[in-house]
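# Structural description and commentary
Chain residues, written in single-letter form:
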Amino acid sequence: MIWVAWRQHRIQLSSGIAVLAVLAIVLAWTGHQMTSYLHTSGLSACLAAHAGCDSFSHLVENRYGWLLRNVVYLNFLPMLAGVFWGAPLVAREMETGTCRLAWTQSISRRRWLAIKLGPFGAAAAVMAAGFSVLLGWWLHPFAQVSFGNGFARMDLNAFDVQGIAPIGYSLFAFAAGTTAGVLTRRVLPAMAITFAVFLPARLWVQSLRSHFATPLTVSYRAFGTSPRAGLGDWVVHSQIVDRLGRSVSDLTVITTCGIGPGSQKANVFTCLSAHGFHQIDRYQPASRFLAFQGIETGIFLGLAAVLLGIAVYWVTRRSAS
Amino acid sequence: MSAIETDRLERRYGRRWALRDCSLAVPAGRVVGLVGPNGAGKTTLLHMAVGLLAPTAGSIRVLGGLPPRERPGQLRRVGFVAQDKPLYRGFRVADMLRFGAKLNPGWDQDQAVQRLSRLGIPLSQRAGQLSGGQQAQLALALALGKRPELLVLDEPVANLDPLARREFLQLLMGEAAQGGLSVVLSSHLVADLERICDYLILLAAGQVQLVGDADDLLAEHRMFAGPRDQAGLLGRTHTVVHASYTGRQATLLVRLRSPAPDLASWTVRPVSLEELVLGYMSGPPPAQAAPSLSCVSEVPA
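Reading the values: the criteria
- Residues numbered from 1 in each chain as written.
- Chains lettered and ligands numbered in written order.
- Predicted model: local features only at pLDDT ≥ 70, side-chain atom pairs only at ≥ 80, totals over all residues.
- Helix = DSSP H or I, 4+ residues; strand = E, 2+ residues; numbered from the N terminus.
- Rg over C-alpha atoms; globule rule 2.2 N^0.38 Å.
- Buried ≥ 20, exposed ≤ 12 C-beta atoms within 10 Å, placed from the backbone.
- Contact = placed C-beta atoms within 7 Å.
- Pairing = 2+ DSSP bridges.
- Domains from an automatic or database assignment.
- Nonpolar A, V, L, I, M, F, W, Y, C, P; charged D, E, K, R; others polar.
- Axes fitted to C-alpha atoms, helices over the stretch in contact; angles between N-to-C directions.
- pLDDT = per-residue confidence, 0-100.

### Some points on the overall build of chain A
Helix and strand counts for chain A stand at twelve helices and four strands. Taking 20 Å as the expected radius of gyration for a compact globule of 321 residues, we find that chain A reaches 25 Å, considerably beyond that expectation. Going through the 321 residues of chain A one by one, you find that 35% of them count as buried. Of the contacts made within chain A by residues no fewer than 6 positions apart, 80% connect residues no fewer than 24 positions apart.

### Topic: the overall build of chain B
Helices and strands together make up the secondary structure of chain B, namely nine helices and 13 strands. Taken against the 2.2 N^0.38 rule, which gives 19 Å for 301 residues, the C-alpha radius of gyration of chain B at 21 Å falls within 12% of a compact globule. Its C-alpha atoms give chain B principal-axis dimensions of about 65 × 40 × 35 Å. Considering only contacts in chain B between residues 6 or more positions apart, those separated by 24 or more positions represent 70%.

### Topic: the pairing of strand β2 (residues 16–27) of chain B
Residue and element names in this part refer to chain B. Of the strand pairs in this sheet, strand β1 (residues 2–13) and β2 are connected by eight bridges, and their pairing is antiparallel. Bridging across to β2, Ile4 finds its partner in Val26. Here β1 folds back onto β2 in antiparallel fashion, the turn holding two residues, of which Gly14 has a positive phi close to 65°.

### Description of unusual backbone geometry
Of note in this structure, Arg185(A) is not a glycine but carries a positive phi near 60°. With respect to the helices and strands, the residue Arg185(A) is situated in the loop between α8 (165–184) and α9 (187–208). Among the residues examined, Arg185(A) registers 17 C-beta atoms within 10 Å and is labelled partly exposed. The backbone of Arg147(B) sits at a positive phi, close to 50°, despite the residue not being glycine. Overall, the presence of 17 C-beta atoms within 10 Å leaves Arg147(B) in the partly exposed class.

### Some thoughts on the domain arrangement of chain A
A common way to express how large an interface is: the accessible area buried when the components associate. Residues and elements named next belong to chain A. One can read the domain layout of chain A as domain 1 (2–213 + 288–318) and domain 2 (216–284). Here domain 1 and domain 2 have C-alpha centroids that lie 39 Å from each other. Taken together, the contacts link nine residues of domain 1 with six residues of domain 2. Taken together, the residues of the side of domain 1 that touches domain 2 break down into four nonpolar, two polar and three charged.

### Quick word on the interface of chain B and chain A
Each side of the interface is counted separately: chain B has 22 residues, and chain A has 18 residues. Going through the elements one at a time, α1 (42–50) and α2 (93–103) of chain B are the ones with two or more residues in the side of chain B that touches chain A. Ranked by the residues each element gives to the side of chain B that touches chain A, the list is headed by α2(B), at four residues. Its residues assigned to classes, the side of chain B that touches chain A comprises 14 nonpolar, three polar and five charged.

### Re the sheet that holds strand β2 (residues 234–241) of chain A
Residue and element names in this part refer to chain A. Strand order across the open sheet formed by four strands is β1-β4-β2-β3, with antiparallel pairing between neighbours. Bordering the open sheet on either side are β1 (216–221) and β3 (247–248), each of which pairs with just one other strand. Sheet topology places β2 next to β3; two bridges connect them, and they run antiparallel. The residue bridging Ile240 from the neighbouring strand is Val248, located in β3.

### Describing the sheet that holds strand β10 (residues 221–227) of chain B
Residue and element names in this part refer to chain B. Judged by pairing direction, the sheet is antiparallel, and its four strands sit side by side in the order β11-β12-β10-β13 without closing on themselves. Strand pairing shows two members of the sheet lacking a second neighbour, β11 (239–246) and β13 (267–270), which therefore form its edges. Within the sheet, the average angular offset between the axes of one strand and its neighbour, ignoring direction, is 20°. Where β10 and β13 come together, four bridges link them in antiparallel fashion. Looking at the pairing, Arg222 lines up with Pro270 of β13. Contacts from helix α9 (residues 273–282) reach β10, β11 and β12 (249–255) within the one sheet, and its direction differs from that of β11 by about 90°.

### Brief notes about the confidence of the model for chain B
All names here are of chain B. On average, chain B scores 86 in pLDDT, and the residues at 70 or more come to 92%. Within the model, the stretch residues 285–301 combines pLDDT values under 50 with 32 contacts to residues more than four positions away or in other chains. Confidence metrics for the complex model read pTM 0.87 and ipTM 0.86.

### Looking at the environment of Leu138(B)
Following the sequence through the fold, Leu138(B) ends up in helix α4 (residues 132–145). In this structure Leu138(B) touches Leu87(B), Val93(B), Met96(B), Ile121(B), Ala127(B) and Leu130(B), once residues within four positions along its chain are discounted.

Pasting the structure below:
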């Protein structure tokens with residue numbers, strides 16, 4: 001049975017695997033480069049000693065910042081499972097009429113769909129898991145380096161490409177592509193719909209993520225360094241409040257205390273504490289990584305299950321030839 | 001047991017009727033031709049018989065059981081060749097056979113290979129590179145390979161050239177002659193069916209217009225030619241299916257209700273299947289309406 005799916009889709013499967021293999025080699029190579037640079041530059045030793053390593057961090061940023069920031073594009077990888085594997089899976093057979101051949105053999109449509117969905121779904125999940133492990137390793141050395149957007153596991157850039165969430169994303173994309181194909185019966189519209197559905201869904205769930213659990217708060221001196229710096233927290237919200245706990249804008253603080261190029265550091269801090277200005281961060285601690293990954297993956301697996309349910313129902317009950 | 005039996009079967013696409021109030025019985029063990037103009041509902045009826053479509057209303061039974069749509073176990077008893085002969089174009093012929101073998105427990109690989117080698121279709125050729133005639137033959141070999149009890153073909157020769165058409169029908173006749181196999185094939189051209197079918201169903205405008213054993217139908221109908229002013233007289237004792245007039249001359253296709261009348265001024269001759277079908281398809285004569293031939297009233301008891 002599996003042979004039928006393999007024979008039919010082997011080019012799609014193997015070209016997908018080939019593209020990902022090339023990407024994996026690039027990641028492995030650059031990952032190796034970056035790790036060895038961290039050692040030779042002395043940053044690893046500095047971080048291990050828990051010293052202030054800002055100057056080292058800048059060195060790393062100058063050299064590899066662009067590469068790290070490009071990690072965000074890897075968020076598109078799971079979508080490819082939907083666009084190139086899911087969308088044509090059934091739609092192509094409907095477009096070319098071969099579904100009339102397939103559906104009049106001696107196996108039920110449910111079975112037919114299962115032997116298509118099974119191998120592709122498994123391949124999508126395995127590859128997402130592989131990339132997740134690879135990127136976890138790739139990003140790991142930078143978890144403690146902070147420049148601009150962080151790369152700690154809880155930060156948006158890093159959270160989305162490691163752990164089990166990518167498996168949820170790619171199965172969701174695959175299911176969305178398949179279902180769009182079943183409903184539109186055309187490959188190209190199904191691809192376009194997958195593209196149009198995947199990103200909004202991702203962004204929507206991402207916007208909910210800070211509410212997965214009630215954020216913790218930490219309060220410290222305005223414009224000072226958080227006592228939790230370097231612990232890998234995801235700072236969801238940060239603001240300056242006055243003595244009464246009312247939010248004040250940075251500009252108010254700056255004008256009130258006359259902060260400027262010539263102002264004396266000591267005077268400024270005296271002014272800040274006199275007015276009771278302090279910084280309040282709401283954050284999700286790194287210890288919640290696994291729980292958040294579980295919730296995020298659960299949401300996308302749930303969506304995938306619903307979409308596949310629609311596809312199965314439509315193919316077995318509704319779909320005409 | 002009927003190969004296909006329908007009872008007030010209906011299928012609607014949105015607000016458009018493809019088939020309505022259709023009750024018929026297709027006998028088993030015969031080669032049945034389903035004729036009708038394009039858009040008559042032939043494909044709809046056949047798709048419901050092979051399980052590709054579900055009825056909107058009414059019921060259909062296939063080989064004495066539920067249709068494959070409702071009972072997938074029936075799929076192995078029914079072979080189907082769809083109108084456009086869908087094949088996986090990138091598959092080699094051998095791959096198509098392996099596809100058939102994997103998806104059909106009753107698959108007969110030896111016979112399928114022999115059949116194709118007799119036809120000179122190389123197993124290493126890609127399905128998409130075969131000629132139209134060879135693709136049709138491969139599609140038929142796939143449908144026969146599962147050793148069905150009922151073979152359904154939707155316009156099998158519609159887009160084949162005359163030579164390929166003859167070869168295909170010969171292949172089909174050879175298989176049908178081996179017995180035990182019920183065959184239903186549709187066509188909008190009666191000429192294709194005349195040599196091969198022994199039972200005829202005429203479908204037009206989503207309804208059955210005529211049904212019966214081909215020989216019986218030919219025996220029941222006559223073509224009358226004679227003076228136009230006496231045409232009404234003939235209609236009193238027999239059913240005029242179709243009338244055409246040229247000047248004072250009338251040509252009437254008549255269904256006999258009693259032994260053929262001996263009218264001095266008329267010439268009587270037997271009809272061909274094609275004339276019969278054309279007559280029923282063009283409908284009742286303009287002057288005098290024939291009794292309505294609905295699907296129900298035409299089904300033999």
